[in-house]
Amino acid sequence: MKKTPPPHCPVDDALSRLQSAAEGNALQHPRSRRLVGQLATLVRDVAWGRAEMDHLSALDRLAAELAGFNADPHGAELGAALQAALDQHREVFESHVQTENCAAEVCDRLAPAPCQMACPAGIDVPTYVALIGEGRDAEAIEVIRRDNPFPWVCGLVCTRPCEFMCVRGRIDTPVSIKFLKAFAAERALSKGEYVNPPAAASKNRKVCVVGAGPGGMTAAYYLALKGYTVRVLEALPMAGGMMMVGIPRYRLPREVIDREVAMIEDLGVTFHFNTRFGRDVTLAQLQAEGFEAFFLAIGAHDSFRLGIEGEGDYPQVLQSIEFLKRVALGDRHMPGKRVVVIGGGNVAIDAARTCLRLGCSDVTLAYRRTRDEMPADIEEIEQAEEEDVRFNFLTVPVAVEGHDGRVTGLRCLQAELVSKPGSDRMFPVPIDGSEFVIPADAIISAIGQRVAQGSLTEIKSLGWTRRDTIHVNTATMATDVPGIFAAGDAVTGPATVVEAIGGGKRAAQAIDRFLNDIPQPNMPPVPVRRQRVAWTEVPAATKMALKRPHMPLLNMDRRRTTFQQVELGYTENMVREEARRCLRCDICRRCGRCVQVCRDKMGVDALQLGYLDFDHPGPTDFRLTQERCIACGACAENCPNDAMLIEERKGERVLHLCGTILSRQPLLFCDGCGASMGTARYRDYIRSRTKAVAPTIGRRMLCDACARKQSSMDRNIE
Amino acid sequence: MVFRRGQKIEVFQRSSDDMWEDYMDRFIGRHGIITDPDTSINDPDALVEVSLEGMGTHRLPQDCLRLLD
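Residues numbered from 1 in each chain as written. Chains lettered and ligands numbered in written order. Predicted model: local features only at pLDDT ≥ 70, side-chain atom pairs only at ≥ 80, totals over all residues. Heavy atoms only, no water.

**Comments concerning the overall build of chain B**
For step 1, the next point in the chain: Secondary structure summary: chain B contains zero helices and five strands in total.
For step 2, the next point in the chain: Ordered by position from N to C terminus, the α and β elements of chain B give β-β-β-β-β.
For step 3, the next point in the chain: Against the globule reference of 11 Å for 69 residues, chain B gives a C-alpha radius of gyration of 11 Å, in line with a compact fold.
For step 4, the next point in the chain: For chain B, the spread of C-alpha atoms along the three principal axes comes to 30 × 25 × 20 Å.
For step 5, the next point in the chain: Expressed as a percentage of the 69 residues in chain B, the buried residues total 62%.
For step 6, the next point in the chain: When contacts within chain B are restricted to residue pairs at least 6 apart in sequence, those whose partners lie at least 24 apart make up 52%.
For step 7, the next point in the chain: Per element, the accessible surface of chain B, about 2500 Å² overall, is 47% carbon and sulfur.
For step 8, the next point in the chain: Side chains of chain B carry 8 positive and 14 negative charges; the gap between the two charge centres is 7 Å. (Helix = DSSP H or I, 4+ residues; strand = E, 2+ residues; numbered from the N terminus. Rg over C-alpha atoms; globule rule 2.2 N^0.38 Å. Buried < 20%, exposed > 50% of the residue type's maximum accessible area, 1.4 Å probe, protein only. Contact = heavy atoms within 4.5 Å. Areas by Shrake-Rupley, 256 points an atom, 1.4 Å probe, with all protein chains shown as cover. Lys, Arg positive; Asp, Glu negative; His and termini not counted. Charge placed at Lys NZ, Arg CZ, Asp CG, Glu CD.)

Spelled out as structure tokens, the structure:
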């Protein structure tokens, strides 16, 4: 196996060299020591995300001065090395300053948290969660929209990869990041504080986006912000793509999409609806109009066919995507009283739940494997079960039955799951003689979607993968045709809204580089930290006791009869409390040095932080620290990121980790001079280790200086 | 291998799939979590969404992944 090289960052390397030079004895001359000290201060600012671009010119100047100061050869050598690093890795230094981000995740203060790294759009999750916790919803939305123009949509339908990587999940349950976002977006819009950032001056250069889904509109948004003139072509009569016609209204109300699309329109993006690329307008026509780059985000709107007998013989056999689109566009006719939906994914569940809302009395979902193998989200499955969708597992459809042009049922075989040699996958195999019929008036097939290539066939050199998706370089989303980029389901196959958003943002950055002749990156961008927001203080007991709230749901009768939003959203109190569960992994990097020093060096073992280990998390209890901590401060002293802090306030020594108050102990004061002497436990700890060499001074509480004074007075008396 | 959402995995080898790109070599040896398996048809050939510790979220072929205990 290829070994992964250790991460390496030129900024961190420079800082290490300067720091060791400053601390060592190699530098002989006071002037070179002064210069190295100044350089270290400036490079530390860069590594800690608090530098301006002026820092780099100052670094250039000081490095040149050090390199030219031949009176100290070691200093000159260090200066020359620093000059070379600044020259060779200029982009990395600039990136640290401009994005406050260390792509190599070496500079502790600038490494994104796991939730942010997990987000396909790269949203700075800890920052916006912290802002929401403080009630600063509009600021949170501003942070989110720097990476994702659809905070409200994603707050309702995101598949939330961030929550799977949420470190809090290693303690109990992940922070409910998705619903916090929805709350903040709704609140900010309601208060009129959800606003667009200012766009750059017009560049008078035109980009065409094909498809008004999440990927297309995200690219349009970021290109418009950069000053490009963007036109979006959309085959449907409205914007939203699969968000609008693939996701039912009870999960994502139309108003939510419309409001966020309107924000994009406000930036000057123009939409041409009912316009199919390749049919109503061609690539050549658009190029003749002056469009210099194209972004294809046509989605995956074609359905796979069942390939069973009778499938094409009856109009009541529907494709799920067509069915959901029809309903989204306003059709409220039920497909039949009794409906069988075939499939086990989210689209199948959506189709089944939609049928119930249209008045179908009997909705059965037929799936060829078991509930455990269903690829649909567990919440969706549970909600469908609550609403009375019937599930027929291990059911393999073999033919559509009917007469007089009408469907009467779906003939199926019972299956069993068996493993095949050479595979640990279980396959459904029909059982002989197990044939049965599910009575039905309509059948909806939901076994997967694919890209409709028809409209793109005019682009002859466009490459396609063996999965019939558009071939791109996923670092830039560039297709095989110069100037044409693509993202979303057309590239990934049926995937998620947030992946399409991430792809659209990446493509916008690549299109900007393409139009400005800037070389493209060779790997996808690393998410950018937007701020380091102050943490909120929470007692350890509260941090442990707070539980992820349950989402209030619409009552069952309305769920079965209307398309009203099922998830009603958290209350304000739930939101603010939930945000306080965040561990602020943007600040604590989980290096474990605090635990190590407390356990191995001090022998105290007061930090039970089992969540620090990704692969083998152990038990965590923040409350334990209060029982064992001696408030020595060794953990805080060894924390590279100031996540662990120890402070003296109001007669107490307080230890906290990213705001979680782990220990609070009263301070002792010298009877002689009144100086702070640490805590009683700390005093006992020291005494237990020094009692052989330093006898106690009676029962008085004296600091070292007063104890020495007392001791000498006692000796004089003797 | 059927991958389920939330399972811990390791990228243990280079994939032979044409969707594998050179920069993905840096993922080998990394651990992560399945965040979006094949959501429609349980296809062993489908790309699955994986969030890798320190490397972000990517859609990868299944032949480069193995489950961690």
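Let's pick the thread back up.
**Here we look at the domain arrangement of chain A**
Residues and elements named next belong to chain A.
For step 1, the next point in the chain: Domain boundaries in chain A define domain 1 (10–110), domain 2 (114–195 + 539–579), domain 3 (206–301 + 451–515), domain 4 (304–448) and domain 5 (593–717).
For step 2, the next point in the chain: With centres defined by C-alpha atoms, the gap from domain 3 to domain 4 works out at 31 Å.
For step 3, the next point in the chain: On the side of domain 4, 11 residues touch domain 3, which itself brings 12 residues to the contact.
For step 4, the next point in the chain: Across the domain 3 to domain 4 interface the summed buried area is about 1000 Å²; carbon plus sulfur atoms make up 61%.
For step 5, the next point in the chain: Contact with domain 4 buries surface across domain 3, with V245, Y250 and R251 losing the most and accounting together for 50% of the total.
For step 6, the next point in the chain: Where domain 3 meets domain 4, there are two salt bridges.
For step 7, the next point in the chain: We note a salt bridge from R251 to E380, for which the minimum N-O separation is 3.5 Å. (Domains from an automatic or database assignment. Buried area = accessible area lost by both parts, 1.4 Å probe. Salt bridge = Lys/Arg side-chain N within 4 Å of Asp/Glu carboxyl O.)

**With respect to the interface of chain A and chain B**
For step 1, the next point in the chain: Each partner contributes to the interface: chain A provides 47 residues, whereas chain B provides 48 residues.
For step 2, the next point in the chain: Surface buried jointly by chain A and chain B totals about 3900 Å² across both partners, of which 49% is contributed by carbon and sulfur atoms.
For step 3, the next point in the chain: By the criterion of area lost to chain B, the three top residues of chain A are R425, R467 and F614 of chain A, representing 18% of everything that side buries.
For step 4, the next point in the chain: Here chain A and chain B share six salt bridges between them.
For step 5, the next point in the chain: The partner of R466 of chain A in a salt bridge is D17 of chain B, with the nearest N and O atoms 2.6 Å apart.
For step 6, the next point in the chain: At the boundary of chain A and chain B, one finds 14 residue pairs in polar contact (both at pLDDT 80 or more). (Polar contact = N/O pair within 3.5 Å; in protein donor to acceptor, adjacent residues only side chain to side chain.)

**Notes on the packing of helix α3 (residues 53–67) of chain A against helix α4 (residues 73–88) of chain A**
Residues and elements named next belong to chain A.
For step 1, the next point in the chain: Taken N-terminus to C-terminus, the directions of α3 and α4 make an angle of 145°; their axes are 7 Å apart at the nearest point. Judged by the twist between their axes, the crossing of α3 over α4 is left-handed. Mapping the contact onto sequence places L59, D60, A63, A64, L66 and A67 in α3 and G75, A76, L78, G79, A80, L82, Q83 and L86 in α4.
For step 2, the next point in the chain: Each residue belonging to the contact of α3 with α4 can be placed in one class, and the counts come to 10 nonpolar, three polar and one charged. (Axes fitted to C-alpha atoms, helices over the stretch in contact; angles between N-to-C directions. Left-handed = near helix turned anticlockwise from the far one by under 90°. Nonpolar A, V, L, I, M, F, W, Y, C, P; charged D, E, K, R; others polar.)

**Here we look at the side chain of D124 of chain A**
Residues and elements named next belong to chain A.
For step 1, the next point in the chain: Tracing the chain through its elements places D124 in the loop between α6 (114–118) and α7 (125–133).
For step 2, the next point in the chain: Taking relative accessible area as the criterion, D124 reaches 0% and is therefore assigned buried.
For step 3, the next point in the chain: At a separation of 2.8 Å, a polar atom in the side chain of D124 contacts the side chain of T127.
For step 4, the next point in the chain: Leave out the neighbours within four places in its chain, and D124 touches Q116, V143, D147, V528, R529, R530 and Q531.

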